[in-house]
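Chain and residue survey
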Amino acid sequence: MKILLDAMGGDNAPAAVLQGAEQANREFGQGMTIALLGPEQTIRQTAAELSIDLAPFEIIDCPEVITMEDDPVKAVRQKTGSSMIKGLNLLKKGEGDAFVSAGSTGALHVATSLIVRTLKGIKRPALAAQIPTVRQPFLLLDCGANAECRADMINTFGTMGSVYARQVMGRADPAVMLVNNGTEDHKGTPLYREAHQRLQANPSIRFAGNIEPRDLLLGQADVVVCDGFVGNVILKLTEGVASTLLRMLKPIFLKNLLTKLAYLAIKGGLGDLKKMMDSEEVGGAPLLGAARPVIKAHGSSKAKGIKNAIRQARLCVENDLCGTMQKALDETLAAAGEG
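Right, let's get into the overall build of the protein. Across its full length, the protein holds 11 helices and 11 strands. Relative to a compact globule of 339 residues, whose C-alpha radius of gyration would be 20 Å, the protein shows 21 Å and is just as compact. Taking the principal axes of its C-alpha atoms as reference, the protein extends roughly 65 × 60 × 35 Å. Here the protein, with 339 residues, has 50% of them falling under the buried criterion. Of the contacts formed within the protein by residues at least 6 apart in sequence, a portion of 71% connects residues at least 24 apart. Accessible surface computed for the protein: about 15,500 Å², of which carbon and sulfur atoms make up 53%. Charged side chains in the protein number 38 positive and 36 negative. The centres of these two groups are separated by 3 Å.

Dropping the structure here:
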């Protein structure tokens, strides 16, 4: 198995990427090769500064770099020598089994759609993120790749999310729910009412109905679907509330001696909570619907986030995520009379 890793993607590249690759190779690298894509001289110089042995890795020289400021479409067309574009072309040719990048989300989405292409029945890939709850994380999609969607797209999100929940997250019979402003079938805009009907008729999923935003973190669903605009708002609001609450706890515990003693008593539990809310523990969001596994790591990823994004990529390959997803999509299309 070969994982193609964009060494120049993200705010902390290439140092954090190389450190994450080293950790991944050490912890679960047996039977896996990690190929580092980027300017070879930069990769070697950074590795030397960090005392990282590059012997276990393949290095693929890519002289160009796509930055966060680049226009996604222009970058895909003009920076063909970049680590992202070269990596996705290698993935398309079968010279790698999965691609991981913490680079520009827009560029990765456009490049994946144009180069790697999508599974049959998928118009555009959807970005899927795991959101922590009081029970276990749920998969949210789309969370930003497609701001405007049709009902049939939201329906396929349900199929793709259900397959990912089974194959990668280990959920035996995942419950799929639709974000809405009420639990009743007739609630929502025309788009969401039609999406509800399609999801209800989808034979590839266990649709559990609508879910209101206030109930998302109770852990009732394994997969939650919506359009990319709503999903991105949910994702950013959830991240913001979590980080704000954790910051608010500190002055409360520092008030006096009693509160400091109380903190010592629950320190372990707070540590577990902080770990649960840490996006680096998941590592990245898959672009579901791509013809081959593509993982988008958080732009601010440090070594741990990169390592866990590589772990996600490995799981996708080991469980034949794309092949299983195509079979489920074929069933969904046939049921909708579109196959």
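It is worth spelling out the pattern of salt bridges at this point. As enumerated under the stated definition, the model contains 11 salt bridges in all. E194 is the salt-bridge partner of R198, the closest N and O atoms lying 3.2 Å from each other. Placement of both R198 and E194 in helix 7 (residues 190-200) is noted, with a separation of 4 residues, approximately one turn of the helix. Taking relative accessible area as the criterion, E194 reaches 36% and is therefore assigned partly exposed. Of the charged contacts in the structure, one is a salt bridge between R214 and E212, with a shortest N-O distance of 3.7 Å. Classification of E212 by relative accessible area gives buried; the value is 18%.

As for its placement among the helices and strands, N202 is situated in the loop between helix 7 and strand 8 (206-211). A polar contact of 3.0 Å, which involves the side chain of N202, links it to the side chain of N155.

With an omega of 0°, the peptide bond running from A13 to P14 counts as cis. Residue placement: P14 occurs in the loop between strand 1 (2-6) and helix 1 (15-28). The linkage connecting L141 with the following residue, D142, adopts the cis geometry, with an omega of 0°. Position of D142 among the secondary structure elements: in the loop between strand 6 (138-141) and helix 6 (151-167). A positive phi is found at S51, a non-glycine position, where the angle reads about 55°. Its location among the elements puts S51 in the loop between helix 2 (40-49) and strand 3 (58-61). Phi at R117 is positive, roughly 70°, even though this residue is not glycine.

With that out of the way, let us pick up the pairing of strand 7 (residues 175-179). Working note: regular strand, side chains alternate between the two faces of the sheet. Burial analysis of strand 7 places 5 of its 5 residues in the buried class, which makes it a mostly covered element. Residues A175, M177 and V179 line one face of strand 7 and the alternating positions V176 and L178 line the opposite face, and both faces are buried. Here strand 7 pairs with strand 8 via 4 bridges, running parallel. Following the sheet pairing, V176 is matched in strand 8 by F207. In the sheet, strand 7 pairs with strand 9 (residues 223-225) via 3 bridges, with the strands oriented parallel. Paired with M177 across the two strands is V224, which belongs to strand 9.

Calculation criteria
- Residues numbered from 1 in each chain as written.
- Predicted model: local features only at pLDDT ≥ 70, side-chain atom pairs only at ≥ 80, totals over all residues.
- Heavy atoms only, no water.
- Helix = DSSP H or I, 4+ residues; strand = E, 2+ residues; numbered from the N terminus.
- Rg over C-alpha atoms; globule rule 2.2 N^0.38 Å.
- Buried < 20%, exposed > 50% of the residue type's maximum accessible area, 1.4 Å probe, protein only.
- Contact = heavy atoms within 4.5 Å.
- Areas by Shrake-Rupley, 256 points an atom, 1.4 Å probe, with all protein chains shown as cover.
- Lys, Arg positive; Asp, Glu negative; His and termini not counted.
- Charge placed at Lys NZ, Arg CZ, Asp CG, Glu CD.
- Salt bridge = Lys/Arg side-chain N within 4 Å of Asp/Glu carboxyl O.
- Polar contact = N/O pair within 3.5 Å; in protein donor to acceptor, adjacent residues only side chain to side chain.
- Pairing = 2+ DSSP bridges.

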